[in-house]
Each structure stands twice: as structure tokens, then as C-alpha cells.
Amino acid sequence: MTTSSNKNEIGRSSSLEEDKPVLCGVNVRAAPVDKLVQLTIESFDEAGELKDDENELPKVLFFIHKWFLASDELASVFVDTYKNLARTSEVCPPNCQHAVHSKLCTRNSYKANICLTLRYWIQMFPVHFDLDKKLCKVLNDFTNFIQNEGYFTLSELIDISRV
């Protein structure tokens, strides 16, 4: 027979334990890929630096993702996250026009963080982009998409032609 205290113990054992990170700065033991992508994006500040120098999630995700997901598929999750921002309930200031250069637009800030996260991947693991034609196609198509939106500065962040 299960008591309420046993149920709580079972619930605790299957949930994340934030006081015991698996890796330094990483409090996630398991998560769906889209959640890992979101956490990775949110690891960076507006300058593209890690918010917490001890957070190893971006490095670990980009290093081991091939164990469970092809690189082009991981990149596609970032691209889909970017493209779906228009459908999310991101909170922007009243009357936000989502102008390309608006620093007050939350949606644009998140788009920039996505590109900064991809730039981190490109800089930390350039060999991924040298060897994977499908990954390069995803990034090149994404670069073209961003440029068509008028975000030329963001497209430069993920330019893999110099890798």
C-alpha cells in the first residue's frame, strides 16, 4: 500500500533535484529536445556571453547531441523556435511593432539570443559545420530567411562561410 509520504518520495525521485546538478551549472537530468534548446538559448545574455560562467549546458548539448539527434535536426529545432516566435505569447511593450532594430522588443531580443546561441555552437565546434552538409544547408537556409526579414546583423552571427 502506498502512503502519501511514499508518493511524495516517488515524485521527488523522478523530478529534477536542483540542489544536486548533474554537471556544473546544469540542473537538468532529462528534458525534451525543445526544452533543452530553450534552456540553452536562455543561457546567454544579450552580448552572447554565458549568463553563468559555470553553466555547461550549451557546451554539453552541442558536444553530445549526436548521441540522440543529428546535427541538422538540432539546428532545425533552433530554426523552428525562431520562426515560431510570431505565434508565441512573448510579452513586448504596448504597441510594439517588432521593428528590426528595436531594443525594447522582447521577440527581437529572443531572436538575437537564438542566433547568439548558434554562433556559440559554430565557434566552439566548427568541425561540425565542416563535415555535415545537411547542417550547413539548414544554417544557410536560415541565414537567407533572416536576411529576408531584414535582420542582416543577426545573419552575420551565423555565417558559416568563414568556418
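Everything below is about the structure shown above.
Here's a quick rundown of the structure.

What counts and how
Residues numbered from 1 in each chain as written. Predicted model: local features only at pLDDT ≥ 70, side-chain atom pairs only at ≥ 80, totals over all residues. Heavy atoms only, no water. Helix = DSSP H or I, 4+ residues; strand = E, 2+ residues; numbered from the N terminus. Buried < 20%, exposed > 50% of the residue type's maximum accessible area, 1.4 Å probe, protein only. Contact = heavy atoms within 4.5 Å. Areas by Shrake-Rupley, 256 points an atom, 1.4 Å probe, with all protein chains shown as cover. Patch = residues over 30% accessible without salt bridge, like charges linked within 9 Å, V, L, I, M, F, W, Y side chains within 5 Å. Salt bridge = Lys/Arg side-chain N within 4 Å of Asp/Glu carboxyl O. Lys, Arg positive; Asp, Glu negative; His and termini not counted. Charge placed at Lys NZ, Arg CZ, Asp CG, Glu CD. Axes fitted to C-alpha atoms, helices over the stretch in contact; angles between N-to-C directions. Parallel < 35°, antiparallel > 145°, perpendicular 65-115°, else oblique. Left-handed = near helix turned anticlockwise from the far one by under 90°. Nonpolar A, V, L, I, M, F, W, Y, C, P; charged D, E, K, R; others polar.

Bringing the overall build of the protein into the picture now. When you go through the protein residue by residue, the secondary structure sums to 8 helices and 0 strands. In the protein, the succession of α and β elements from N to C terminus is α-α-α-α-α-α-α-α. Looking at the protein as a whole, 36% of its 163 residues qualify as buried. The long-range fraction of contacts in the protein, counting pairs at least 24 apart against all pairs at least 6 apart in sequence, stands at 61%. Just so you have it, the protein exposes about 10,200 Å², and 52% of that area is on carbon and sulfur atoms.

What follows covers a negative patch on the surface. On the surface, a cluster of negative charge is made up of Glu 49, Asp 52, Asp 53, Glu 54 and Glu 56. As for its placement among the helices and strands, Asp 53 is situated in the loop between helix 2 (33-41) and helix 3 (57-64).

A packed helix pair is summarised by two numbers, namely the angle formed by the two axes and the spacing between the axes. Two elements in contact, helix 4 (residues 71-83) and helix 7 (residues 133-149), have axes separated by 8 Å at closest approach and are oriented at 15°. Between helix 4 and helix 7, the interaxial angle falls into the category roughly parallel. For the crossing formed where helix 4 meets helix 7, the hand is left-handed. Facing helix 4, whose interface residues are Ser 71, Asp 72, Ala 75, Ser 76, Val 79, Tyr 82 and Lys 83, helix 7 presents Lys 134, Leu 135, Val 138, Leu 139, Phe 142, Phe 145, Ile 146 and Glu 149. Tallied by class, the residues present in the contact of helix 4 with helix 7 amount to 9 nonpolar, 2 polar and 4 charged.

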